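Listed here are the chains, written in short residue letters.
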Amino acid sequence: MQIDKLTLKDVATTNRQYLETIFALGDGHMGVRDSVPFTGNQQATLPVMLINGYYATNPITYGESAYGYAKNHQTIISLTSPRYLDFATEKTSSEIPGDWDTEMYMLPFFIYMQPQIAKQLLHYRFSILPQARERARSLGVTRGALYAWRTINGEEASAYFPAGTAQYHINADIAHTVKLYFDVTNDQNFLREQGAAVVLETARFWLQFGSWQQRDGRSQFCLYKVTGPDEYTALVDNNYYTNRMAKENMAFAAWLLENHYIDGDADEQAQFTKASTNMYLPYDQEQQVTAQDDNSPKMPVWPFATTAATQYPLLLHYHPLMIYRHRVNKQADTLLAEMLFPEDQSLEQLRRDYEYYEPITTHDSSLSRSNFSILASRLGDHDKAFSYYMDTSLMDLVDLQGNAKDGLHEANLGGSWLGLTYGFAGKYVADGKLHITNHLPTQITHLSYRLRFRGRVLEVQLYQDKTQVKLVTGLPLAVVVAGKEYDVLQGARSE
């Protein structure tokens, strides 16, 4: 499908709420939802303006409350008309709601394409570091910081803690993106002034939260009662994704201390290094696959054969406790970790893991398919990679998830870009070098895109029979293409 101009005949339905989303006007601080020319006479509702950056708070009411539960909703303001908007304050918030989707699926685009915007988003995380420290204290951790799972002002707004606050991985997700930003931009000032503090405080949380246990004949660092990105597997021990991300978080903190980006002591640096080096990463020896956590391989598989298509997403049709006691993924977070760390595993191991998790993944998360596309590219299964990519890129246009009326899946839009660049172009950064590997599927004859890397602008051209990397602006640099290092000069191309 080729669309030069999006019209009503190109979209899935003429449902009013769906059209509001697809044809929304104003993607900025003031965004208009609904427009009379698209939907005609308004009977029950009026056009709505969403005021990004402004939010209202009101108490969360629990049937049974407990210590540490989120206290207040934080809701973006909507108005029926801008005529009723009265700015009665001299200082406004430009902060966006905080959620892990921003770091893991949206920020990579900005880091490589518009690093100044990425820097602003990371500054937001730095600005709410005091609230993150307080959140850690409420969880009984006396040193370090824990970022709220869902927030605008830095305070926790997610009421359901098993799939909210228990997703401690958000700490490592944020630290991972600080590292990616630094690896791509080499922005020394940001790292010293803001980024290092975020990484250090999140790493300190892991040191107190985790514990040492005997595993596989030696003492290893473990993380108990956590929830990974797969929200169908909650409050487990040693979630692989969480442990692997925390491992990187602490290793990066140790590197920052060693290289004097932030003040600290040698003992703390040694603790980070020891915990990171000895982080427990679960593995199922019997099935020869990377285990999602300690218990999941032992649980029964979800009864997919007797689950009707109308019963998906599962979370809207089944009690969470029924889902939690089965082996089923909303998204395969073990594979997500393997996508983020491509040098961790052999292709043979990746293939076994992919074939193990694909049949038990429902893709009830809109973020799921982009990762399967990227890994299928890496495995050389180009038809599957293309199929998953098309599902990702067209998700809202065809209303694949059935909820586009509630808004665009913006993190999935980031996932579409990742599918092109991390997947078809095999892009990642390791040891300060940019890696590119051509995985272009046969359905696409040519892919071209530009990116920023350490003060340069590069142009990547992928064809079915060759790969070209051109230095558009900036000094020469080394780029690894298909495993071989090339020096890319001004105006020259490497193949």
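Everything numeric in this text was worked out from a predicted model, so none of it was measured.

1. What to know about the overall build of the chain
Along the chain, the regular secondary structure elements total 15 helices and 15 strands. Counting across all 495 residues of the chain, residues that qualify as buried make up 52%. Sequence-distant contacts, at least 24 apart, represent 60% of the contacts inside the chain between residues at least 6 apart.

2. A short note on the nonpolar core
Ranked by internal contacts, the top residues of the largest apolar core, which has 105 residues, are Trp100 and Tyr112. Filtering out sequence-adjacent residues up to four positions away, Trp100 remains in contact with Tyr105, Trp149, His169, Ile170, Asp173, Pro229, Tyr241, Gln331, Leu336 and Leu367. Membership of the second largest hydrophobic core comes to six residues, among which are Tyr232, Trp302, Tyr318 and Val328.

3. Concerning the sheet that holds strand E9 (residues 433–436)
With mixed pairing, the four strands of this open sheet are ordered in space as E8-E9-E13-E14. Both edges of this open sheet fall to strand E8 (428–430) and strand E14 (484–488), since each of them pairs with a single strand only. Pairwise comparison of adjacent strand axes, ignoring direction, gives a mean angle of 35° for this sheet.

4. Let's talk about the environment of Tyr69
Along the polypeptide, Tyr69 turns up in the loop between strand E2 (48–59) and strand E3 (72–79). Given a relative accessible area of 25%, Tyr69 falls into the partly exposed group.

5. Side note on unusual backbone geometry
Excluding glycine, a negative phi dihedral is what most residues carry, and trans is how most peptide bonds are arranged. Residue Pro313 is bonded to the preceding Tyr312 through a cis peptide linkage, with omega at 0°. As for its placement among the helices and strands, Pro313 is situated in the loop between strand E7 (289–290) and helix H10 (320–324). Positioned with a positive phi, Asn186 is a non-glycine residue whose angle comes to about 55°. Topologically, Asn186 is positioned in the loop between helix H6 (169–185) and helix H7 (188–209).

6. Concerning the pairing of strand E13 (residues 477–481)
Of all five residues making up E13, five are buried, and the element is well covered by its neighbours. Side chains of E13 alternate between two faces, with Leu477, Val479 and Val481 and Ala478 and Val480 buried alike. Pairing of E9 with E13 involves three bridges; the strand directions are parallel. Pairing of Ile436 across the sheet is with Val481, part of E13.

7. A word on helix H4 (residues 115–127)
Residues spaced three or four apart along an α-helix point in a common direction, a consequence of the helix completing one turn every 3.6 residues. Look at H4: 18 Å from first C-alpha to last across 13 residues, which is about the 18 Å you get at 1.5 Å a residue. Of all the positions in H4, only Pro115, Ala118, Leu121, Leu122, Tyr124 and Arg125 are classed as buried. Angular distribution of buried residues about the axis of H4 spans 165°; they occupy a single face of the element. Opposite the packed face of H4, turned more than 90 degrees from it, sit the exposed residues Gln116 and Gln120. Of the surrounding elements, those touching the buried residues of H4 are helix H3 (100–113), helix H5 (129–138), H6, H7 and strand E10 (446–453).

8. Some points on the environment of Glu348
Residue placement: Glu348 occurs in helix H12 (residues 347–357). Along the backbone, Glu348 and Leu379 are 31 residues apart, and their C-alpha atoms lie at a distance of 8.9 Å.

9. Thoughts on the pairing of strand E12 (residues 467–473)
Pairing of strand E11 (residues 456–463) with E12, which is carried by six bridges, proceeds in the antiparallel orientation. Its bridge partner being in E12, Val460 is matched across the sheet by Val469. Counting the residues in the hairpin turn of E11 and E12 gives three residues.

10. Observations concerning the packing of helix H8 (residues 240–258) against helix H11 (residues 333–340)
Where H8 contacts H11, the axes come no closer than 8 Å and their chain directions differ by 30°. By the criterion of interaxial angle, the relationship of H8 to H11 is roughly parallel. Mapping the contact onto sequence places Tyr240, Tyr241 and Met245 in H8 and Asp333, Thr334, Leu336, Ala337 and Leu340 in H11. Tallied by class, residues from the contact of H8 with H11 come to six nonpolar, one polar and one charged.

11. Let's talk about the pattern of salt bridges
For the structure on display, the rule yields 14 salt bridges. Notably, a salt bridge pairs Glu103 with Arg125, separated by 2.8 Å at the nearest N-O pair. In this pair, Glu103 sits in helix H3 while Arg125 sits in helix H4, placing the two residues 22 residues apart along the sequence. By relative accessible area, Arg125 is classed as buried at 1%. A single network of salt bridges, built from pairs that share partners, joins Arg133, Arg143, Glu201, Arg204 and Glu268.

12. Some words on H5
Within H5 the residues assigned to the buried category are Leu129, Ala132, Arg135 and Ala136. Each buried residue of H5 lies within a common arc of 105° when the element is viewed along its axis, so the set occupies one face. In this structure, the buried side of H5 is in contact with H4 and H7. Just downstream of H5, Gly140 is the residue with a positive phi angle, here 80°.

13. Here's the deal with the confidence of the model for the chain
Per-chain confidence: the chain averages 87 in pLDDT, with 83% of residues scoring 70 or above. Here residues 25–44 is a poorly scored stretch, pLDDT under 50, and it has 44 contacts once near neighbours within four places are set aside; other chains count. Contacts of residues 83–96 to residues separated by more than four positions or lying in other chains number 18 contacts, the stretch itself having pLDDT below 50.

14. Concerning the side chain of Thr421
One can find Thr421 in helix H15 (residues 410–424). Judged by its relative accessible area of 1%, Thr421 is buried. Those residues in contact with Thr421 that lie beyond four places of it in its chain are Gly426, Lys427 and Tyr449.

15. Considering the packing of H7 against H8
For any two helices packed against each other, the geometry comes down to the angle between their axes and how far apart the axes lie. Where H7 meets H8, the axes come as close as 9 Å, and the angle between the chain directions of the two elements is 130°. Taken as axis vectors, H7 and H8 run oblique relative to one another. As for the relative orientation of H7 and H8, their crossing is left-handed in sense. Contacts between H7 and H8 involve Leu191, Ala196, Val199, Leu200, Thr202, Ala203, Trp206 and Leu207 on the former and, on the latter, Thr242, Ala246, Asn249, Met250, Phe252, Ala253, Trp255, Leu256 and Leu257. Tallied by class, residues from the contact of H7 with H8 come to 14 nonpolar, three polar and no charged.

Basis of the calculations
Residues numbered from 1 in each chain as written. Predicted model: local features only at pLDDT ≥ 70, side-chain atom pairs only at ≥ 80, totals over all residues. Heavy atoms only, no water. Helix = DSSP H or I, 4+ residues; strand = E, 2+ residues; numbered from the N terminus. Buried < 20%, exposed > 50% of the residue type's maximum accessible area, 1.4 Å probe, protein only. Contact = heavy atoms within 4.5 Å. Core = buried A, V, L, I, M, F, W, Y, C linked by side-chain atoms within 4.5 Å. Pairing = 2+ DSSP bridges. Axes fitted to C-alpha atoms, helices over the stretch in contact; angles between N-to-C directions. Expected span 1.5 Å × (residues − 1). Arc of directions from axis to C-beta. Parallel < 35°, antiparallel > 145°, perpendicular 65-115°, else oblique. Nonpolar A, V, L, I, M, F, W, Y, C, P; charged D, E, K, R; others polar. Salt bridge = Lys/Arg side-chain N within 4 Å of Asp/Glu carboxyl O. pLDDT = per-residue confidence, 0-100. Left-handed = near helix turned anticlockwise from the far one by under 90°.

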